[in-house]
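So the chains spell out like this:
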Protein chains: 2
Amino acid sequence: MAEKQTSAGKDDYHHGNLRVELLRVARDMLEAEGINALKLRAITREAGVSAMAATPHFGNLRGLLTALATQGFEELACTLREGNGRSVKDAGLAYVLFAVRNPGLFTLMFRGDAINRHDAAFTHAAQQSFGLLGQLLAQTEPPKTHKSDVGGEVGQAALWAKVHGLAVLAIDGLLAPLVVQSGFADHQEAFLAQALDAMVGPV
Amino acid sequence: MAEKQTSAGKDDYHHGNLRVELLRVARDMLEAEGINALKLRAITREAGVSAMAATPHFGNLRGLLTALATQGFEELACTLREGNGRSVKDAGLAYVLFAVRNPGLFTLMFRGDAINRHDAAFTHAAQQSFGLLGQLLAQTEPPKTHKSDVGGEVGQAALWAKVHGLAVLAIDGLLAPLVVQSGFADHQEAFLAQALDAMVGPV
DNA sequence: CACCAATCTTTACATTGTAAATTATTCTTG
DNA sequence: CAAGAATAATTTACAATGTAAAGATTGGTG
């Protein structure tokens, strides 16, 4: 019973890096077919393994999605770090651009009912991204919040809400009518940058 | 074969208002158990009818959820109309408060992969809410957007993004740490009002 | 009353997630 | 190198879901 199929052939068992392969396949399907195409059977089928092959690596579907979302937050942190010492608008724009360029992943990262928010790795990655974002956003802006906002939490929430709202609305396609109506045609990213300008820096 | 159970008893067939009853049950389950408790079989079971009883009224599960989301947008429009001729902050606050007081419903209203956005009634209700919100937000604010924003679409997107982002983050529980850290304790709504103040009116 | 359309039920089936048991492979240790 | 243990993957089985199809029940209209 030597060979099984004409497939890769290396070794069916102990695939070696099935974990990263499953994450890769899942991510491709996520961006290609949307978030509710992320069925465990579909992912494993696409990867050429049996349905239960994911169990040793992720436990269950929720575990796999959590790992994928974790990866997303790690990449987001990287992206935020790249546009580093620059202005608030750059940090905000990096956030929004990451979202609209990875819409499925970004959606998954914030879909609390599909992942396990108490997972250690996830919590770590998310906290890191959030802390980094807050730090970048606050570096230029202690805006005119109410005097009771001693710690700056209100201002930080306001800044985060601005960029996050823009990201979510853009991903959901709800800004498309405004974009075309404003003459930006198919340059959504330019429109988003303009909207950010209108939001974060009216000092 | 007169009676069936000790239930309402009126008539098992031709329930009369099964449509509104199913929507009521679904909404209760939505807010009580979260959005992924909205299974067709669970809803019909809770309503005391067979699994396929929803078909004549909604077609399928997506149709039911779409009707529920439509109802949500109608209520949102009502809420926006109530706090009418007042300031932008009031309109924005009405939007955010509706969200945090109906978190499941609000989430469903914007979950494009669970509903049918091309449904006529849904489109009508959503457009009505969006138009009303834009009108309320724009009535006080032609803010210092770029000179190229002739139609005001950029400013409108910015304002919508602010309130929507605040709503989404609050519903997802992501603002909770900031709320407690800022000393607002369990008065999240006061925190949200403060954040809105910091966002929409820094003229 | 007879008929029809609408409403609801029953049955059946494909699909999903995953628990349990099994098999195959690799690693460890003598 | 030869077991034995540990890991990885498969197979099988089962409960739950959405819904298509066909049958049963009711109300309204001729």
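Residues numbered from 1 in each chain as written. Chains lettered and ligands numbered in written order. Predicted model: local features only at pLDDT ≥ 70, side-chain atom pairs only at ≥ 80, totals over all residues. Heavy atoms only, no water.

**Student:** Just to check I follow, could you spell out the UniProt feature "DNA-binding region" (unreviewed entry) in chain A for this structure?
**Tutor:** UniProt feature "DNA-binding region" (unreviewed entry): in the numbering of this structure it lies at residues 39-58 of chain A. Strand forms 0% of residues 39-58 of chain A and helix 60%; the C-alpha atoms that close the span are 14 Å apart. (UniProt positions renumbered as here; feature names shortened; annotations may be inferred. Helix = DSSP H or I, 4+ residues; strand = E, 2+ residues; numbered from the N terminus.)

**Student:** Quick question: what am I supposed to make of the relation of the copies chain B and chain A here?
**Tutor:** Note on the chain copies: they are related by a rotation about an axis and a translation along it. Structural alignment of chain B on chain A gives an RMSD of 0.0 Å, achieved by rotating through 180° and translating 0.0 Å along the axis. Taken together, these values place the two copies in the relation of a two-fold axis. Within chain B, Gly165 of chain B has its C-alpha nearest the rotation axis, a separation of 1.7 Å. (Least-squares fit on C-alpha atoms with pLDDT ≥ 70 in both.)

**Student:** Is there a simple way to explain the interface of chain B and chain A in this structure?
**Tutor:** The figure often quoted for interface size is the accessible area lost as the parts come together. Listed as interface residues are 37 residues of chain B and, on the opposing side, 37 residues of chain A. Taking both sides of the interface into account, the surface hidden between chain B and chain A amounts to around 3,500 Å²; carbon and sulfur atoms contribute 67%. Linking chain B with chain A are four salt bridges, by the criterion used here. Residue Asp113 of chain A is joined to Arg111 of chain B by a salt bridge in which the shortest nitrogen-to-oxygen separation is 3.2 Å. Counting across the chain B and chain A interface gives six residue pairs in polar contact (both at pLDDT 80 or more). Those elements giving two or more residues to the side of chain B that touches chain A turn out to be helix H8 (153-171), helix H9 (176-181) and helix H10 (188-200) of chain B. (Contact = heavy atoms within 4.5 Å. Buried area = accessible area lost by both parts, 1.4 Å probe. Salt bridge = Lys/Arg side-chain N within 4 Å of Asp/Glu carboxyl O. Polar contact = N/O pair within 3.5 Å; in protein donor to acceptor, adjacent residues only side chain to side chain.)

**Student:** For this particular structure, what's the right way to read the packing of H8 of chain B against H10 of chain B?
**Tutor:** The description of two packed helices rests on the angle between their axes and on the distance between the axes. Residues and elements named next belong to chain B. As a packed pair, H8 and H10 sit with axes 11 Å apart at the nearest point and diverge in direction by 155°. If you check the angle between H8 and H10, you find them roughly antiparallel. The two elements H8 and H10 cross, and the hand of that crossing is right-handed. In this structure, H8 uses Leu159, Lys162, Val163, Leu166 and Ala170 to contact H10, whose residues at the interface are Gln188, Leu192, Ala195, Leu196, Met199 and Val200. Taken together, the residues of the contact of H8 with H10 break down into nine nonpolar, one polar and one charged. (Axes fitted to C-alpha atoms, helices over the stretch in contact; angles between N-to-C directions. Parallel < 35°, antiparallel > 145°, perpendicular 65-115°, else oblique. Left-handed = near helix turned anticlockwise from the far one by under 90°. Nonpolar A, V, L, I, M, F, W, Y, C, P; charged D, E, K, R; others polar.)

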